[in-house]
Amino acid sequence: MNREELSQEAAGWWLRLNETPQDEGLRQEATAWRNQSPAHEQAFVLAEQMWQMAGDVGPAKSQTEYVGTTITPFRRRVTPMKWVAGVAAGMAACLALVSAPDLVVRWQSDYVTSAGELQTLRLADGSTVVLDTDSAIALDYDGTERGVRLLKGRAWFDVTKDVERPFVVSAEDVRVEVLGTAFDVDLRDQGVDVHLREGRVRAISPLSGAHSLEAGDVLHLGKNRHADQADGRISQMAPEGMGLWRDKRLLIEDMSLEAALSELGRYDTGLIHIEGKALKQVRVTGVYDLSDTDRAVAAMIEPHGARMLRIGPLRVVHKNNK
């Protein structure tokens, strides 16, 4: 049995146990399944952790529909068995995708945050790091260099000047060298972005060479980072608009709704699905409050005649045809 099949079976056992917690016979059967091998036990534990992270999908009373600022309940139209099977399959897919990479990152990191969590760190040299949601770093300080590896996500750095020991942030194969400044580095599947609020930095990429940045510069590095931007392109933005995520505010500038909701999704454990290609491509600009992600989604989609249907941890965004 492969990992995906194990994950789906584990999710099914976990869901059935929570549907009927008083069923001692079912609990014994589940225990026997878990005891078959260490892989079975690990799959069950990961399913439990994934469910706790995503939030509870309970009966119909937990399902609501957001239409602007109005919340109205709706009736579930699938049978309980289909509901369990569908959720189990979705959980299995999520587990297969994220469990192994996340475990590796957690093993390598010195500091890590979960979805929706921000963490401020004071380093030994007096520098400050703000770790964004779902992010991780590892420290590598020595006598000649103050090194930080961004393993996942995004981090803001306010660096104490030390001419004897440069501060170096590495994100995969990108290296950002500074003496004293304030900036953030954002690591994505598509590449790396560097936003420089003040001071000067030098970023080095094996694909595009060295780049010198000044305050207000945004450097985009990575293959196909943006369809209309070449690797290593530098753009500008107002320095005061950088790092707003530290105050739980999300700045979106002329971004597709699909990309904007993906960015918002970093701050929430739920999943977001958009129905319709045209709706995915509408352009979004604004500053959104990350303390209530449901309201932030509503604020993004309302101007485009769309609404959001919430089913437990899943949000479905669709055009309002009424």
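Computed from a prediction, not measured in an experiment: that's the story for all the values here.

The rules behind the values
- Residues numbered from 1 in each chain as written.
- Predicted model: local features only at pLDDT ≥ 70, side-chain atom pairs only at ≥ 80, totals over all residues.
- Heavy atoms only, no water.
- Helix = DSSP H or I, 4+ residues; strand = E, 2+ residues; numbered from the N terminus.
- Polar contact = N/O pair within 3.5 Å; in protein donor to acceptor, adjacent residues only side chain to side chain.
- Contact = heavy atoms within 4.5 Å.
- Phe/Tyr/Trp six-rings, centres within 6.5 Å; stacked < 30°, edge-to-face > 60°.
- Buried < 20%, exposed > 50% of the residue type's maximum accessible area, 1.4 Å probe, protein only.
- Axes fitted to C-alpha atoms, helices over the stretch in contact; angles between N-to-C directions.
- Parallel < 35°, antiparallel > 145°, perpendicular 65-115°, else oblique.
- Pairing = 2+ DSSP bridges.
- Salt bridge = Lys/Arg side-chain N within 4 Å of Asp/Glu carboxyl O.
- pLDDT = per-residue confidence, 0-100.

1. A word on the side chain of D268
Okay, so step 1: By secondary structure assignment, the location of D268 is in the loop between α5 (257-264) and β17 (271-274).
Okay, so step 2: One polar contact links D268 to R315, side chain to side chain, over a distance of 2.9 Å.
Okay, so step 3: Residues contacting D268, with those up to four places away along its chain left out, are A115, G116, T293 and R315.

2. A look at the packing of aromatic side chains
Okay, so step 1: The tally for this structure, following the rule as stated, stands at three aromatic pairs.
Okay, so step 2: Taken together, a centroid distance of 5.3 Å and an interplanar angle of 25 degrees make the contact between F157 and F183 stacked. Placement of F157 in strand β7 (residues 146-158) and of F183 in strand β10 (residues 182-187) is noted, with a sequence separation of 26 residues between them. Here F157 matches F183 in class, with each residue buried.
Okay, so step 3: An aromatic cluster is defined as three or more aromatic residues linked by ring pairs; in this entry it consists of Y141, F157, F167 and F183.

3. Let's talk about the packing of α5 against helix α7 (residues 293-301)
The axes of two packed helices give the description: the angle between them and the distance between them.
Okay, so step 1: Look at α5 against α7: their axes get within 11 Å of each other, and the N-to-C directions meet at 170 degrees. Viewed along their axes, α5 and α7 adopt a mutual orientation that is roughly antiparallel. Contacts between α5 and α7 pair L257, A260, L261 and L264 from the former with T293, A296, V297, M300 and I301 from the latter.

4. Let's talk about the pairing of strand β5 (residues 128-131)
Okay, so step 1: As paired elements, strand β4 (residues 119-122) and β5 share four bridges and run antiparallel to each other. Among the inter-strand pairings, R122 is bridged to a residue of β5, identified as T128.
Okay, so step 2: Counting the residues between successive antiparallel strands, the hairpin from β4 to β5 contains five residues, one of them, G126, with a positive phi of roughly 95 degrees.
Okay, so step 3: Bridge analysis of β5 against β7 gives four bridges, and the strand direction is antiparallel. In the strand pairing of β7, V130 is matched with W156.

5. Here's the deal with unusual backbone geometry
Okay, so step 1: Of note, the phi angle at D134 is positive, near 50 degrees, even though the residue is not glycine.
Okay, so step 2: Residue placement: D134 occurs in the loop between β5 and β6 (136-141).
Okay, so step 3: On the basis of relative accessible area, D134 is assigned to the partly exposed category, the value being 32%.

6. Things to note about the pattern of salt bridges
Okay, so step 1: This structure, assessed with the given rule, holds 20 salt bridges.
Okay, so step 2: A salt bridge links R154 to D186; the nearest nitrogen and oxygen atoms lie 3.5 Å apart. Of this pair, R154 sits in strand β7 while D186 sits in strand β10, and the two are 32 residues apart along the sequence. Considered together, R154 and D186 belong to a single accessibility category, that of buried residues.
Okay, so step 3: Residue R188 pairs with E263 through a salt bridge whose shortest N-O separation is 2.5 Å. Of this pair, R188 sits in the loop between β10 and β11 (192-198) while E263 is found in helix α5, placing the two residues 75 residues apart along the sequence.
Okay, so step 4: Overall, R188 belongs to the partly exposed group, its relative accessible area being 22%.
Okay, so step 5: Among the residues examined, E263 registers a relative accessible area of 7% and is labelled buried.

7. Observations concerning the confidence of the model for the protein
Okay, so step 1: With 77% of its residues at a pLDDT of at least 70, the protein reaches an overall mean of 79.
Okay, so step 2: For the protein, the element scoring lowest by mean pLDDT is strand β2 (residues 70-73), at 31; β5 scores highest, at 96.
Okay, so step 3: Taken together, the stretch residues 54-87 has pLDDT below 50 and engages in 54 contacts with residues farther than four places along the chain or on a different chain.
Okay, so step 4: Note that residues 224-230 has pLDDT below 50 and, in this model, nine contacts with residues that lie over four places away or in other chains.

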